[in-house]
Amino acid sequence: MGFFFGLGLGITFGVGLVVLFVRSENARAKSRGDLAATVASFAKMTVEDSRKVLPGEYYPSWVVFSQQQKLDWLNLELTKIWPFVNEAASELIRSSVEPILEQYKAGVLASLKLSKLTLGTVAPQFTGVSIIESDDSGVIMELEMQWDGNPSIILDIQTALGLALPIQVKNVAFTGVFRLIFKPLVDVLPCFGAVSYSLREKKKLDYTLKVVGGELSSIPGVSDAIEDTIHDAIEDSITWPVRKVIPIIPGDYSDLELKPVGTLEVKLVQAMNLANKELIGKSDPFAKLFIRPLRNRIKRSRTISNDLNPVWNEHFEFVVEDETTQQLTVKIYDDEGVQASEYMGGVVIKIKDLQPCKVTDLWLKLLKDLEIQRDRKDRGQVHLELLYCPYGMENPFAVQKFAMTSLEKALKSGTNGSNGSNVADTSTHKKKDVIVRGVLSVTVISAEDLPVMDVMGKSDPFVVLTLKKTEAKNKTRVVNDSLNPTWNQTFDFVVEDGLHDMLILEVYDHDTFGKDFMGRCIMTLTRALMEGEYQDSPALEKAKSGKLNVHLKWTPQPIFRES
């Protein structure tokens, strides 16, 4: 009996092992099949699919997705013909470049001539080509070029003091992307009417300046003046969106030339928690803003001394020439007086990311390298208000029509004999000519999650409201023993220039012998001017926690400066 029992148990156990083995193999086969299908799916993925699966910010900085094609064949042929290109193009480049350098010469230089220019023996290398998708009216091609050349370039410099200097330009290293536009497409060979070319991106430009037979460093200011001249000449003569148009088939190609397409209005409101660059005291920050980095187009804010939380509230206006590729750059520096200013951080905002004719309010983290756009160090933040208005669309500040008051009608009628009953048409006034006067009604509703200031774990908060330009002030009542006080108090301010004024809300803890600062909010009046009224909950600055709930209402009464 025991024999048969053992036999049955052994058979059962053996069959069980066989079943488990078969199921394990089937599971492994299915797993391998799923893995093969997954690998095949990844093999079919495009670059765009990869970016959707894993956003770009998760890739290390050395990972680059390129759609460029190699041009080894072109580099080989260019190397062969480069001696002939050097002979043919040197004089043409010299005659073209010399007037441009003369046009953009810095103030220290009285004249700047090219006494010698040859391209050398080293041919440039084209490292890639890509076709940019656009409409059917043309073809856009971008060529990336790298040139570590040995040209022979000598500049004859005449300084403003009458000193003549022969300057040699050596060790030229350039990397950039050139854009070629074949437009419009026509049904006659070569099938396009004109070619436009431009330097789309200047990635690198290095060179050495040396006085023939001397040292340039012994003559202060000349080296910087030459570098500024070369920089501005390149930026304003060939760098995108500037482009050169070469007609191939006779016709009118004025639509291909550079034209302004809109204006960008920027309000530099403030910065917060800037990194201190001083050993003693605090930094003296100021900002530079530009779309095109030309000397006459770079805007500079005033310097705020000894402050890591500067409030500028300054307005700047820029011309936009290509909303799809141009961007606003804001860089903050520490003013060092006669010494070179020290860079503290910057931000870049692409104009195509802004909604036309709508104010965009941004707090942006300052970065050290604006190309990589990644920075783990906290360098502070900058507060901007941006308004991009393409030509042909209505500027919300420029299109409003306001009726004159009875007094203004009478004064106007008495001055020029016009009919005082007519409504003044103010649509032709530019925004900078308008003084936006009115009444700002501020309702301080409540606060939430205020920081503890008293020993008993509570605070006695109240709010001080200040208009920055007029310094008009009001304050709420004190709410005792509360970190979430409710006020529901309304205050009216007469505002003389709403476009350039701002409201400061400071929260204090009331004490028997004084008050303790708890935090503040700084609000521009731009949104109130555009929307009429709105409610907001700004977070407290200079505080560990807390926010204010406020309601703003604007009642306008604009007047106009005489132009």
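Heads up: the structure comes first, above all this text.
Residues numbered from 1 in each chain as written. Predicted model: local features only at pLDDT ≥ 70, side-chain atom pairs only at ≥ 80, totals over all residues. Heavy atoms only, no water.

A. Quick peek at the nonpolar core. Residues Leu-155, Ile-157, Ile-167 and Ile-226 are the most contacted members of the largest nonpolar core, which totals 34 residues. Elements with a minimum of two residues in this core: helix 3 (72–103), strand 1 (109–118), strand 2 (125–132), strand 3 (139–148), strand 4 (152–159), strand 5 (164–182), strand 6 (194–211) and helix 4 (222–237). Judged by nonpolar contacts, the second largest core, of 30 residues, contains Val-442, Leu-503, Val-550 and Trp-554. (Core = buried A, V, L, I, M, F, W, Y, C linked by side-chain atoms within 4.5 Å. Buried < 20%, exposed > 50% of the residue type's maximum accessible area, 1.4 Å probe, protein only. Helix = DSSP H or I, 4+ residues; strand = E, 2+ residues; numbered from the N terminus.)

B. How the structure looks around the sheet that holds strand 15 (residues 381–390). Pairing within the open sheet is antiparallel, and its 4 strands lie in the order 11-8-15-14. Each edge of the open sheet carries a strand with a single partner, namely strand 11 (311–320) and strand 14 (360–365). Averaged over all pairs of adjacent strands, the angle between strand axes in this sheet comes to 25°, irrespective of strand direction. Inspection of the sheet shows strand 8 (residues 262–272) paired to strand 15 by 10 bridges, in the antiparallel sense. Among the inter-strand pairings, Lys-267 is bridged to a residue of strand 15, identified as Glu-385. (Pairing = 2+ DSSP bridges. Axes fitted to C-alpha atoms, helices over the stretch in contact; angles between N-to-C directions.)

C. Main features of the pairing of strand 3. In the sheet, strand 2 pairs with strand 3 via 7 bridges, with the strands oriented antiparallel. Each residue of the ladder has a partner; that of Ile-132, found in strand 3, is Ile-140. Where strand 3 and strand 5 come together, 10 bridges link them in antiparallel fashion. Directly across from Val-139, in strand 5, lies its bridge partner Phe-182.

D. Inspection of helix 4 at higher detail. In this model helix 4 runs 22 Å from its N-terminal to its C-terminal C-alpha over 16 residues, within 8% of the 22 Å that 1.5 Å per residue would give. Within helix 4 the residues assigned to the buried category are Val-222, Ala-225, Ile-226, Thr-229, Ile-230, Asp-232, Ala-233, Glu-235 and Ser-237. Turning to helix 4, the residues buried within the fold contact helix 3, strand 1, strand 4, strand 5, strand 6 and strand 7 (244–247). (Expected span 1.5 Å × (residues − 1). Contact = heavy atoms within 4.5 Å.)

E. Fine view of the packing of aromatic side chains. This structure, assessed with the given rule, holds 6 aromatic pairs. The interplanar angle of 20° and the centroid separation of 5.7 Å between the aromatic rings of Phe-286 and Tyr-333 together place this pair among those described as stacked. Of the two residues, Phe-286 sits in strand 9 (residues 285–290) while Tyr-333 sits in strand 12 (residues 327–334), which places them 47 residues apart along the sequence. Like Phe-286, the residue Tyr-333 is buried in the burial classification. With centroids separated by 5.8 Å and ring planes inclined at 25°, the aromatic side chains of Phe-462 and Tyr-508 adopt a geometry described as stacked. Within this pair, whereas Phe-462 is found in strand 18 (residues 461–467), its partner Tyr-508 is found in strand 21 (residues 502–511), the two being separated by 46 residues in sequence. Taking relative accessible area as the criterion, Phe-462 reaches 5% and is therefore assigned buried. In textbook terms, an aromatic cluster arises when at least three aromatic residues are bridged by ring pairs, as seen for Phe-286, Tyr-333 and Tyr-343. (Phe/Tyr/Trp six-rings, centres within 6.5 Å; stacked < 30°, edge-to-face > 60°.)

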